[in-house]
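# Close look at the chain arrangement
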Amino acid sequence: EAARRLPAGLRPLVVDGATVVGCCLLEVTALRPVGLPAAVGVSQLAAAHRIAVEWDADGSTASGVFVVERRTNARTVIAAGGRAFPGVFGRAAIRRDNHATSTSWSVRGGDMAIDAVEYRNGSPRFDAASGFVAATCIGADIGLSLGRSGDLEVAMMVPATRDAVEVEVETHSSFIASFPSATAAPSFLMQNVAVRWSPGRLTHAVAA
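Since the model is a prediction, treat every value here as computed from it, not as a measurement. (Residues numbered from 1 in each chain as written. Predicted model: local features only at pLDDT ≥ 70, side-chain atom pairs only at ≥ 80, totals over all residues. Heavy atoms only, no water.)

## Concerning the environment of serine 173
- With respect to the helices and strands, serine 173 occurs in strand β13 (residues 165-173).
- In this structure serine 173 comes out as buried when scored by relative accessible area, which is 4%.
- Sequence separation between serine 173 and glycine 139 is 34 residues, and the spatial gap between their C-alpha atoms is 22 Å.
- If we skip the residues at most four places from it in the chain, serine 173 touches His49, Ala113 and Ile114.
- Within the structure, the side chain of serine 173 is placed 2.7 Å from the side chain of histidine 49, a separation counted as a polar contact. (Helix = DSSP H or I, 4+ residues; strand = E, 2+ residues; numbered from the N terminus. Buried < 20%, exposed > 50% of the residue type's maximum accessible area, 1.4 Å probe, protein only. Contact = heavy atoms within 4.5 Å. Polar contact = N/O pair within 3.5 Å; in protein donor to acceptor, adjacent residues only side chain to side chain.)

## A look at the nonpolar core
- Ranked by internal contacts, the top residues of the largest apolar core, which has 16 residues, are Leu10, Ile51, Val53, Trp55, Phe66 and Leu144.
- Sorting the residues of this core by element identifies β5 (42-57), β6 (60-72), β11 (142-146) and β12 (152-159) as the ones contributing at least two each.
- It is β5 that provides the largest number of residues to this core, a total of 4 residues.
- One finds Leu45, Ile94, Trp105 and Met112 within the second-largest nonpolar core, a separate group that totals 9 residues. (Core = buried A, V, L, I, M, F, W, Y, C linked by side-chain atoms within 4.5 Å.)

## A word on the pattern of salt bridges
- Applying the stated criterion across every chain, the model contains 7 salt bridges.
- A salt bridge links aspartate 56 to arginine 11, with the shortest nitrogen-to-oxygen separation between them at 2.9 Å. One end of the pair, aspartate 56, is in strand β5; the other, arginine 11, is in strand β1 (residues 11-12), with 45 residues separating them in the sequence.
- The class for aspartate 56 is partly exposed, based on a relative accessible area of 45%.
- Classification of arginine 11 by relative accessible area gives partly exposed; the value is 29%.
- The structure contains a network of salt bridges with shared partners spanning Arg11, Glu54 and Asp56. (Salt bridge = Lys/Arg side-chain N within 4 Å of Asp/Glu carboxyl O.)

Structure follows, in structure tokens:
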């Protein structure tokens, strides 16, 4: 199910007999080029669907996530994505509402439809050493996606910390629902984390 959605050269990363397929819901503030002050940064709400992948690189195996689709409510990010920085974004209507003990999300754009309620229930921190976490956006350093020309783009993600807590989430995602064998997996929350994204490159050629 996952393999047929990947470009040539990528294959699903298998952890405990399964592949991690998920959605990321993000509130990003002060997004800006390195060296500029936070005051000039752009804020956005964004959503992405991704699949854990691996590929052959110089005689070894590298891993990361393949981002199937990105959506945002920020027109500036849509215009610059895939040009000023790697990652093409489509437009979406995204709403996020904070409640006393939960946060609700609604994402509608193109073929992407996500509804999620995240319960902040004080769950223990996740096991950073687990293979499952390594296959998520928390543990992965490399994000691959198709650029505007159809070639693979590479984005390196370096968070200042990978601290997260496991949270209870009720999610309906049109993308995840298209995997008949999908079963629920843990969900994680990261907050107040500074992240640096930068262009990267593959150490071998992958045909898109």
